[in-house]
Amino acid sequence: MIGTRGSPLALAQTHQVRDLLAAAHPELSEPGAIGIEIIKTTGDAILDRPLAEVGGKGLFTKEIDEAMLDGRIDIAVHSMKDVPTYLPPGIVLPCVLEREDVRDAFLGRDHPTLESLPTGAVVGTSSLRRGAQILAMRPDLKVVSFRGNVQTRLDKLAKGVADATMLAKAGLNRLGMADKATSVLDVEVMLPAVAQGAVGCTCRADDEQAHRWMAPLHHAETSLCVDVERAFLARLDGSCRTPIGGLARVSDFGTANARVFFRGMVIRPDGKVLHQTTREGTVDQAVALGEDAGAELLAKAGPDFFTCGAE
Ligand SMILES: NCc1[nH]cc(CCC(=O)O)c1CC(=O)O
């Protein structure tokens, strides 16, 4: 049994995992061989407030982890962006699928790009990271809170609640809605969230069958990048509501020449103070590079930067 949230994006990701499992294992290829259990999480229940305000870790994973430890589900499919850096005891993450597009998509109502938005235009986003980077580039814009699933946000945009919004390009692609993006923000302009575009599958640590099922779906290069980014995030995790971005890439993966490149950022929600750093190294050093970058930004930003509730 596979557990998932019930949002259209979560279901699309889960159907992809189910199809990959069926293709990899003859015993799972019969229609109906893999059941899907929808689990409502705290993050799904709270729709009226920005999630940064709700706070707490594992908003989208806690109830799913509980179902897994109870034995109601065997595999869970998650957007890695929503998975806390520390998994609960007894749960492991043996499988990360190949990454989708890591970038943020821009959806403009009358203006297709960020550059073309007129002074004073309103950008709707519930992501402090996106809002802060927008304000850093364009302090003349107004950022307002914007929540809900993709369709709700598109409806709000159409109604003129905002002039533009942003969504992970990966989510739009997985929903077959890539055409809704009026442009795509380069990672140099808008650093993605840690693990954006990656889907991971968890199981119980002692479930050998689930491990065996998931092994062929694992994408080692994506997993390495996500490990670096999550190591970075783990060093900053005390930071509460501070917007954080981080992206790792590997060149020549699987060869002796493989190199890891990482860029990480912390930024104040108003976009007025930004600290960033880069690292480059070997695959063996990868996780240490992420940790080291996190430690550097923690020191650079200083304790006041990470004060909770100071917005
Ligand atoms: N926080 C919600 C969430 N979690 C994962 C995605 C998109 C898919 C991904 O990044 O893999 C989204 C929506 C969004 O940011 O637009």
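Residues numbered from 1 in each chain as written. Predicted model: local features only at pLDDT ≥ 70, side-chain atom pairs only at ≥ 80, totals over all residues.

Colleague: Now, about the sheet that holds strand β2 (residues 36-38): what can you tell me, with residues and values included?
Modeller: The strand order across the open sheet formed by five strands is β2-β1-β3-β10-β4, and the pairing between neighbours is mixed. The two strands at the open ends of the sheet, each matched to only one other strand, are β2 and β4 (91-96). Each adjacent strand pair in this sheet contributes to an overall mean axis angle of 30 degrees, direction not counted. Looking at chain direction, β4 and strand β10 (residues 199-204) are connected through four bridges and run antiparallel. From the neighbouring strand, Cys95 faces β10, where its bridge partner is Cys201. Packed on one face of the sheet, helix α1 (residues 8-24) meets β1 (2-4), β2, β3 (75-79) and β10 and runs near 160 degrees to β1. (Pairing = 2+ DSSP bridges. Helix = DSSP H or I, 4+ residues; strand = E, 2+ residues; numbered from the N terminus. Axes fitted to C-alpha atoms, helices over the stretch in contact; angles between N-to-C directions. Contact = placed C-beta atoms within 7 Å.)

Colleague: Describe the environment of Ala301, listing the residues and the values that go with them.
Modeller: Mapping Ala301 onto the fold places it in helix α10 (residues 286-301). In this structure, the C-alpha to C-alpha distance between Ala301 and Ile267, residues 34 residues apart in sequence, is 9.1 Å. Dropping the residues within four chain positions of it, Ala301 is found in contact with Val266, His275 and Phe306.

Colleague: Please set out the pairing of strand β5 (residues 104-108) residue by residue, giving values where relevant.
Modeller: The element β5 is largely enclosed, with a buried count of five among its five residues. Of the two faces of β5, the one carrying Asp104, Phe106 and Gly108 and the one carrying Ala105 and Leu107 are both buried. Note that β5 and strand β8 (residues 164-168) share five bridges and pair antiparallel. Across the sheet, the residue bridging to Phe106 is Met166, located in β8. By the bridge criterion, three bridges tie β5 to strand β9 (residues 183-185) in an arrangement that is antiparallel. What sits directly across from Asp104, in β9, is Leu185. (Buried ≥ 20, exposed ≤ 12 C-beta atoms within 10 Å, placed from the backbone.)

Colleague: Residue-level account of the site of the ligand, with values.
Modeller: Around the ligand, a shell composed of Ser79, Lys81, Asp82, Leu167, Ala168, Ala170, Gly171, Gln196 and Gly197 is seen. Going through the elements one at a time, β8 and α7 (169-174) are the ones with two or more residues in the shell around the ligand. Within the shell around the ligand, the residues separate by chemical class into three nonpolar, four polar and two charged. Shared between two domains, the shell around the ligand takes at least three residues from each, and those domains are domain 1 (2-97 + 198-218) and domain 2 (104-185). (Near = placed C-beta within 6 Å. Nonpolar A, V, L, I, M, F, W, Y, C, P; charged D, E, K, R; others polar. Domains from an automatic or database assignment.)

Colleague: Give a description of the nonpolar core that names residues and reports values.
Modeller: Counting residues in hydrophobic clusters, the biggest one holds 70 residues, and the most contacted among them are Phe106, Cys201 and Val228. Tallying contributions element by element places helix α9 (residues 220-236) first for this core, with eight residues. With residues near it in sequence (within four places) discarded, Phe106 still touches Thr113, Leu114, Ala164, Met166, Ala181, Thr182, Ser183, Val184 and Leu185. (Core = buried A, V, L, I, M, F, W, Y, C linked by C-beta atoms within 7 Å.)

Colleague: Break down α9 for me, citing the residues and quoting the values.
Modeller: For α9, with 17 residues, the first-to-last C-alpha span of 25 Å sits near the 24 Å given by 1.5 Å per residue. For α9, the buried fraction is high: twelve of the 17 residues fall into the buried class. All buried positions along α9 are accounted for by Thr222, Ser223, Leu224, Cys225, Val226, Val228, Glu229, Arg230, Ala231, Phe232, Leu233 and Leu236. Lining the buried residues of α9 we find β4, β11 (244-251), β12 (259-267) and α10. (Expected span 1.5 Å × (residues − 1).)

Colleague: Can you tell me about the sheet that holds β8, naming the residues and giving the values?
Modeller: Hydrogen bonds along the backbone pair up the strands of a sheet, which may run parallel or antiparallel. On the basis of which strands lie adjacent, the open sheet formed by five strands has the order β7-β6-β8-β5-β9 and mixed pairing. One side of each edge strand has no neighbouring strand; the edge strands of this open sheet are β7 (142-144) and β9. Going from strand to strand, the sheet's axes swing by 30 degrees on average, the running direction of each strand aside. Of the pairings in the sheet, the one linking strand β6 (residues 122-124) to β7 comprises three bridges and is parallel in character. Across the sheet, the residue bridging to Val122 is Lys142, located in β7.

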